[in-house]
Amino acid sequence: MFDNPYFEPSDETEEMNSLPSKLIKIGFYKGSQRVWFHRFIRWWTKSTYSHVELLLDEETWVSISPALLSTVTTRIVTSYDADDWDFIEFCVSDIQHRALKEFVSETTGDGYDWLGMLLSQILPVIIKSRNRWYCSSWLAHGLFHSSIVRWRKLGIYEIPDLSPGKLYNILHKITAG
């Protein structure tokens, strides 16, 4: 589980190796061709994906979306159209899972970062408003916070316009590697 070169080791690596694993999924939304917002994001980012969510388990989905409540929100999803989503799975330790849940708890209620999302698309710098996120930036920070991925190796801080499609490509590289 920890042979992955993109895994971020911590002081607890020894303990993490001995703990049972949990499975998380990252869901990339490619559905709803009729909704202009999703079509526009796909067109602008030249990507199949217009949104991304974290699945802490099979029913607990977490994300931030201007189409939902525009805040980081956890919701229970018992059914969805599987054709609308692609998933990337990570096997994580109990410690990483707990850290990810802590990140969710700390950011729940934070608002949507319209300014950061729009300016990062136009300017070649990362613009981030305090306590505000867009879906892919929130998820990237959560994965880093919980030591699931090593972002510095991937150059994540050099990508000002981190769209769901770019995040998919980065995470796909990790899981395929």
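As a reminder, the structure under discussion sits directly above these lines.
Residues numbered from 1 in each chain as written. Predicted model: local features only at pLDDT ≥ 70, side-chain atom pairs only at ≥ 80, totals over all residues. Heavy atoms only, no water.

(A) Structural view of the overall build of the protein chain. Helices and strands together make up the secondary structure of the protein chain, namely seven helices and seven strands. Ordered by position in the sequence, the α and β elements of the protein chain form the string α-β-α-β-β-β-β-α-β-α-β-α-α-α. Counting the 177 residues in the protein chain, one finds 50% classified as buried. Counted over contacts in the protein chain with a minimum sequence separation of 6, partners at least 24 positions apart contribute 64%. (Helix = DSSP H or I, 4+ residues; strand = E, 2+ residues; numbered from the N terminus. Buried < 20%, exposed > 50% of the residue type's maximum accessible area, 1.4 Å probe, protein only. Contact = heavy atoms within 4.5 Å.)

(B) Seen up close, the nonpolar core. By size, the foremost hydrophobic cluster in this structure holds 35 residues, and its most contacted members are I26, L54, F90, W138 and L171. Those elements that place two or more of their residues in this core are β1 (21-29), β2 (51-55), β5 (85-93), α3 (94-107), α5 (135-145) and α7 (164-176). Apart from the residues lying within four places of it in its own chain, the contact partners of L54 are I24, K25, I26, T60, W61, V62, L100, V104, W138 and L139. One finds Y29, L55, W61 and V77 within the second-largest nonpolar core, a separate group that totals five residues. (Core = buried A, V, L, I, M, F, W, Y, C linked by side-chain atoms within 4.5 Å.)

(C) Fine view of the pattern of salt bridges. According to the stated counting rule, one finds five salt bridges in the structure shown. Of the charged contacts in the structure, one is a salt bridge between K25 and E89, with a shortest N-O distance of 3.9 Å. A residue pair is termed long-range when its members are at least 10 positions apart, and K25 in strand β1 and E89 in strand β5 qualify at 64 residues. Note that E53 is salt-bridged to R75, the shortest N-O span being 2.6 Å. Separated by 22 residues along the polypeptide, E53 in strand β2 and R75 in strand β4 (residues 73-76) bring together distant segments of the chain. Residue classification places E53 among the buried positions, given a relative accessible area of 2%. (Salt bridge = Lys/Arg side-chain N within 4 Å of Asp/Glu carboxyl O.)

(D) Spatial organisation of the environment of I95. Relative to the helices and strands, I95 is located in helix α3. Along the sequence, I95 and K22 sit 73 residues apart, while their C-alpha atoms lie 9.8 Å from each other.

(E) Molecular detail of a nonpolar patch on the surface. Taken together, the side chains of W36, F40, W43 and W44 present a nonpolar region at the surface, about 550 Å² in accessible area. Among the secondary structure elements, W43 is positioned in helix α2 (residues 36-45). (Patch = residues over 30% accessible without salt bridge, like charges linked within 9 Å, V, L, I, M, F, W, Y side chains within 5 Å. Areas by Shrake-Rupley, 256 points an atom, 1.4 Å probe, with all protein chains shown as cover.)

(F) Up close: the packing of α5 against α7. The geometry of α5 relative to α7 is characterised by a closest axis approach of 9 Å and an angle of 30° between their N-to-C directions. In terms of orientation, α5 lies roughly parallel with respect to α7. Seen from above, α5 lies across α7 with left-handed handedness. Between α5, through C135, S136, L139, A140 and L143, and α7, the contact on the second element is made entirely by P164, L167 and L171. Considered class by class, the residues forming the contact of α5 with α7 number seven nonpolar, one polar and no charged. (Axes fitted to C-alpha atoms, helices over the stretch in contact; angles between N-to-C directions. Parallel < 35°, antiparallel > 145°, perpendicular 65-115°, else oblique. Left-handed = near helix turned anticlockwise from the far one by under 90°. Nonpolar A, V, L, I, M, F, W, Y, C, P; charged D, E, K, R; others polar.)

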